[in-house]
2 protein chains.
Amino acid sequence: MTEEPSAAQRPTLEAVAARAGVSRATVSRVVNGGPGVREELADKVRHAVDELGYVPNHAARSLVTRRHDAIAVVIAESETRVFADPFFALQLRGISRELTAHDVQLVLLLTEGRDDHERVGRYLSGGHVDGALVFSLHLDDPLPGIIRRAGLPTVFGGRPGWQDADAGERSAPYVDCDNRGGAREAVRHLVGLGRRRIAHITGALDQTSAVDRLDGFRDALADAGPHLIEEGDFTFAGGERAMRRLLDAEPELDAVFAANDLSASGALRVLRERGRSVPDDVAVVGFDDMLLVAEQTEPPLTTVRQDIEEMGRLMARMLLRDRSGEGLAAGPSSVVLPTALVRRASA
Amino acid sequence: MTEEPSAAQRPTLEAVAARAGVSRATVSRVVNGGPGVREELADKVRHAVDELGYVPNHAARSLVTRRHDAIAVVIAESETRVFADPFFALQLRGISRELTAHDVQLVLLLTEGRDDHERVGRYLSGGHVDGALVFSLHLDDPLPGIIRRAGLPTVFGGRPGWQDADAGERSAPYVDCDNRGGAREAVRHLVGLGRRRIAHITGALDQTSAVDRLDGFRDALADAGPHLIEEGDFTFAGGERAMRRLLDAEPELDAVFAANDLSASGALRVLRERGRSVPDDVAVVGFDDMLLVAEQTEPPLTTVRQDIEEMGRLMARMLLRDRSGEGLAAGPSSVVLPTALVRRASA
DNA sequence: CTGAAAGCGCTAACAT
DNA sequence: ATGTTAGCGCTTTCAG
């Protein structure tokens, strides 16, 4: 009644050693692929391991090695966006793939606003994981500071917003796509189509991706009047709102570049409501190439593609490289991936 | 050069004890809220903890308590669906919320097909986590067996497909929504609208949710001819394909119930292509109430809502209840949540 | 109510 | 090449 019925006592290194007639150290060597064990003995050990169904105790191992073979993925995004947008899911998959290949576990930390930062900080400083992958920072986010103090190897997803000076000598490594270049290309495409009044629906401007895309827009259209730029927030509803304001301010507009596909999709909806045909009256370009959204809008969306899964994979790879002790000098400290314009029907 | 520059030696229980002038045992009691420590001493200890910035070493603790304060979330879904569908993201959020409240960590295990099952099984049996939440099982999935053998407390997301007999006396606890009842209600709604030729696009029939929804369809429409039922796979493309076949087989159909919103959305696209107006010519009902999809289709989708996030939260709660030793007799072993029809424009 | 001491299972020097 | 040994940091009887 008090005894745990199943989940019997798991065999220890000691038990394997006894069974194989060797010392614990030898078993440890075999299990961890250590060097210099006679093949004959190693075989015996492996047999004993199989027979007993031995699995190393991770806690005991961590206690001495101070490694955890686990990294944290922190998604610092609130309600609205995280899960309306398959973006994070794709990154997660990329990350998961890479980690799996290295037998490293993924601890997922979802934050729900500022209160959570403390909790996350505590966890990250708590020495439970070997590193962290941090996404979707906002400009005033306290997380980077917390992390730096914790001294935990970290790679950021998207260029962090703080000044490089703050970060000391080496700034934190990050992976991002070429937001500015992609935006520029999108707008140039619109210009090439002969559009003259091109508007922009921005993303949430407390994130560098939104700022960079806005910069790209301006690169291509230095003289765009302020009434052609309307702030959005990367959501569908934000896209709708922005599109309404744009149409009110500039009924003659003939193109719009939205900071992501979700807001482009909101814009499309408003354009339809207002009787503008796309792309005839108004051409629309998005950003992300989120298939679930871009392929299913009416009409399908011309957009700027970024390889989101690859970004995730890359982040994980950079973190693991760091972890394996290569440290400072190895490889570039940040990576910016190229984007590509994907033409569909909307522009 | 060889010294780790940051990440200095973290203080141990011992250090705190020395600082507070008490024994390790006392510090341990205070830190863990143990009973019977004089308030005066406890205060001293707490001060020392703060001054030193002491954080307990999790590995050391696990080693002796055999608890990990971590659970695994296993998503056993392949490429196609996991990340096309915000479904899992929502569940994850529900789970994360509940776990956070209990200071339990979430280890995410994404599988990529059968090869991965072994890896996941090994991890789950490896004694790294206190329990598991498992999603999206397919009928012939080896995972349940592996898990049962590992003797790990587990709650399934969605009714598992195996026969109860296999599972021994108590079958595995799960959380699901009332797929059958929801489907029935959807179809009755269509009938109430006066529709006479109602078709069904199923989900992937190796998952119980798809089978249950099909059963619900049949409950309401016992005499539906087989040419009115077309197999889909819960994807947009699957919905398109199925809709085409249905229209070919039964051009006169005036309604379709799709097993989820994504496939309903594919159906909508085909209906538009073929010049049928929705809902005038053909009424369409989906399942899930995935806002990203259902609110943005043209026209917006009438669908069956399930509270996905709540399902996640509930699963976590059930698992934690189990973990806290209440064991067998406490509470119902499975939960089926109600669904609700959400009327929009498509039916 | 508090302290002393015995491990939890494993790795990594250090011997041999 | 293999074995011996000393902890890693913590919880938990058991004495006092």
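Residues numbered from 1 in each chain as written. Chains lettered and ligands numbered in written order. Predicted model: local features only at pLDDT ≥ 70, side-chain atom pairs only at ≥ 80, totals over all residues. Heavy atoms only, no water.

- Named according to an unreviewed UniProt entry, chain A is LacI family transcriptional regulator originating from Streptomyces alfalfae.

1. What about the overall build of chain A?
Working step 1: Secondary structure assignment for chain A yields 14 helices and 12 strands.
Working step 2: Considering only contacts in chain A between residues 6 or more positions apart, those separated by 24 or more positions represent 70%.
Working step 3: With the model as given, the accessible surface of chain A reaches about 15200 Å², and the carbon-plus-sulfur share is 49%. (Helix = DSSP H or I, 4+ residues; strand = E, 2+ residues; numbered from the N terminus. Contact = heavy atoms within 4.5 Å. Areas by Shrake-Rupley, 256 points an atom, 1.4 Å probe, with all protein chains shown as cover.)

2. Describing the packing of aromatic side chains
All names here are of chain A.
Working step 1: Counted by the stated rule, this structure contains two aromatic pairs over all chains.
Working step 2: Judged by centre distance (6.5 Å) and plane angle (50°), the rings of Phe257 and Phe287 are tilted. Of the two residues, Phe257 sits in strand 8 (residues 255-258) while Phe287 sits in strand 9 (residues 283-288), which places them 30 residues apart along the sequence. With respect to class, Phe257 is no different from Phe287; both count as buried.
Working step 3: Over the ring of Phe287 we find Arg213; its NZ or CZ atom is 3.8 Å from the centre of that ring. (Phe/Tyr/Trp six-rings, centres within 6.5 Å; stacked < 30°, edge-to-face > 60°. Buried < 20%, exposed > 50% of the residue type's maximum accessible area, 1.4 Å probe, protein only. Lys NZ or Arg CZ within 6 Å of the ring centre and 35° of its normal.)

3. A closer look at the protein's contact with DNA strand C
Working step 1: Every one of the 29 residues lining DNA strand C counts as a neighbour, but Leu13 and Tyr54 of chain A together with Arg29, Arg38 and Arg66 of chain B are closest to it.
Working step 2: Ala60 of chain A is positioned with one of its backbone polar atoms (N or O) 3.4 Å from a base nitrogen of DNA strand C.
Working step 3: Between Arg61 of chain A and DNA strand C, the recorded distance is 2.7 Å, taken from a side-chain N or O atom to a phosphate oxygen.
Working step 4: Those elements that provide at least two residues to the surface near DNA strand C are helix 2 (24-31) and helix 4 (58-65) of chain A together with helix 2 (24-31) and helix 4 (58-65) of chain B.
Working step 5: No other element matches the five residues that helix 4 of chain A contributes to the surface near DNA strand C. (Near = heavy atom within 4 Å. Polar contact = N/O pair within 3.5 Å; in protein donor to acceptor, adjacent residues only side chain to side chain.)

4. Details of the protein's contact with DNA strand D
Working step 1: Within the structure, DNA strand D sits among 29 residues, and Arg38 and Arg66 of chain A together with Leu13, Arg24 and Tyr54 of chain B are positioned closest to it.
Working step 2: Within 4 Å of the protein, atoms of DNA strand D come from sugar and phosphate in 62% of cases.
Working step 3: One of the side-chain nitrogen or oxygen atoms of Arg29 of chain A is found 2.7 Å away from a base oxygen of DNA strand D.
Working step 4: A distance of 2.7 Å separates a phosphate oxygen of DNA strand D from a polar side-chain atom of Arg61 of chain B.
Working step 5: For the surface near DNA strand D, the secondary-structure elements that each account for two or more residues are helix 2 and helix 4 of chain A together with helix 2 and helix 4 of chain B.
Working step 6: Among the elements that take part in the surface near DNA strand D, helix 4 of chain B stands out by supplying five residues, more than any other.
Working step 7: Classifying every residue of the surface near DNA strand D gives 13 nonpolar, nine polar and seven charged. (Nonpolar A, V, L, I, M, F, W, Y, C, P; charged D, E, K, R; others polar.)

5. Remarks on the UniProt feature "domain: HTH lacI-type" (unreviewed entry) in chain A
Working step 1: UniProt's feature table lists "domain: HTH lacI-type" (unreviewed entry) at residues 11-65 of chain A, given in the numbering used throughout.
Working step 2: Across residues 11-65 of chain A one finds 69% helix and 0% strand; the C-alpha atoms that close the span lie 21 Å apart. (UniProt positions renumbered as here; feature names shortened; annotations may be inferred.)

6. A few points about the pairing of strand 3 (residues 132-135) of chain A
All names here are of chain A.
Working step 1: Side-chain alternation along strand 3 places Ala132 and Val134 on one buried face and Leu133 and Phe135 on a second face that is also buried.
Working step 2: Pairing between strand 1 (residues 70-75) and strand 3: four bridges, direction parallel. Bridge pairing in strand 3 links Val73 to Leu133.
Working step 3: Chirality of the crossover, the property in question, places the unit of strand 3, helix 8 (residues 143-150) and strand 4 (residues 154-157) among those that are right-handed. (Pairing = 2+ DSSP bridges. Right-handed = clockwise from strand over helix to strand, strands pointing away.)

7. Remarks on the interface of chain A and chain B
Working step 1: Contacts between the two partners involve 48 residues from chain A and, on the opposite side, 48 residues from chain B.
Working step 2: Here chain A is connected to chain B by six salt bridges.
Working step 3: For the side of chain A that touches chain B, the secondary-structure elements that each account for two or more residues are helix 4, helix 6 (87-101), strand 2 (105-110), helix 7 (115-125) and helix 12 (261-273) of chain A.
Working step 4: When grouped by side-chain class, the residues that make up the side of chain A that touches chain B number 21 nonpolar, 16 polar and 11 charged. (Salt bridge = Lys/Arg side-chain N within 4 Å of Asp/Glu carboxyl O.)

8. Focus on the sheet that holds strand 8 (residues 255-258) of chain B
All names here are of chain B.
Working step 1: Taken in spatial order, the six strands line up as 7-6-8-9-10-12 in an open sheet, and their pairing is mixed. Strands with a single pairing partner mark the edges of an open sheet, and in this sheet they are strand 7 (229-230) and strand 12 (340-342).
Working step 2: Helix-sheet contacts for helix 11 (residues 236-249) involve strand 6 (198-201), strand 7 and strand 8, and the interaxial angle to strand 6 is about 150°.
Working step 3: In this fold helix 12 (residues 261-273) packs onto strand 6, strand 8, strand 9 (283-288) and strand 10 (302-305), with an angle of close to 160° to the strand it touches most, strand 9. (Axes fitted to C-alpha atoms, helices over the stretch in contact; angles between N-to-C directions.)

9. Overview of the packing of helix 2 of chain B against helix 3 (residues 39-52) of chain B
Residues and elements named next belong to chain B.
Working step 1: Closest axis-to-axis distance for the helix 2/helix 3 pair is 10 Å, and the angle between their directions is 85°. Taken together, helix 2 and helix 3 sit at an angle that is classed as roughly perpendicular. Residue-level inspection shows Thr26, Val27 and Val30 of helix 2 in contact with helix 3, the latter providing Leu41, Ala42, Val45 and Arg46.
Working step 2: Looking at the contact of helix 2 with helix 3, its residues break down into five nonpolar, one polar and one charged. (Parallel < 35°, antiparallel > 145°, perpendicular 65-115°, else oblique.)

10. Some points on the environment of Pro251 of chain B
All names here are of chain B.
Working step 1: Position of Pro251 among the secondary structure elements: in the loop between helix 11 and strand 8.
Working step 2: On the accessibility criterion, Pro251 (40% relative accessible area) is partly exposed.
Working step 3: Separated by 54 residues in the primary sequence, Pro251 and Arg197 place their C-alpha atoms 9.8 Å from one another.
Working step 4: Among residues more than four places away in sequence, those in contact with Pro251 are Leu246 and Arg276.

11. Points about the environment of Asp233 of chain B
All names here are of chain B.
Working step 1: Summarising the element assignment, Asp233 is placed in the loop between strand 7 and helix 11.
Working step 2: In the structure, Asp233 is positioned 186 residues away from His47 in sequence and 59 Å away in space, judged by C-alpha atoms.
Working step 3: Not counting residues up to four positions away in its chain, the partners in contact with Asp233 are Thr202, Gly203, Ala204, Gly238 and Arg241.
Working step 4: A polar contact of 2.6 Å, which involves the side chain of Asp233, links it to the side chain of Thr235.

12. Structural notes on the sheet that holds strand 12 (residues 340-342) of chain A
Residue and element names in this part refer to chain A.
Working step 1: The six strands lie next to each other as 7-6-8-9-10-12, forming an open sheet whose pairing is mixed. The sheet is open, and its two edges are formed by strand 7 (229-230) and strand 12, each paired on a single side.
Working step 2: Where strand 8 meets strand 9, three bridges bridge the pair, whose relative direction is parallel. Looking across to strand 9, one finds that Ala255 is bridged to Ala283.
Working step 3: Across the sheet, helix 9 (residues 179-192) touches strand 6 (198-201), strand 8, strand 9, strand 10 (302-305) and strand 12, and the angle it forms with strand 9 is around 165°.

13. Notes on the pairing of strand 4 (residues 154-157) of chain B
All names here are of chain B.
Working step 1: Here strand 4 shows two buried faces, one formed by Thr154 and Phe156 and the other by Val155 and Gly157.
Working step 2: Inspection of the sheet shows strand 3 (residues 132-135) paired to strand 4 by four bridges, in the parallel sense. Looking at the pairing, Leu133 lines up with Val155 of strand 4.
Working step 3: The pairing of strand 4 with strand 5 (residues 174-177) spans two bridges and is parallel. Following the sheet pairing, Phe156 is matched in strand 5 by Tyr174.

14. Quick look at the domain arrangement of chain A
Working step 1: What the domain assignment lists for chain A is domain 1 (13-65), domain 2 (70-176 + 309-337) and domain 3 (179-307).
Working step 2: Just the C-alpha atoms count here: the centres of domain 1 of chain A and domain 3 of chain A sit 60 Å apart. (Domains from an automatic or database assignment.)

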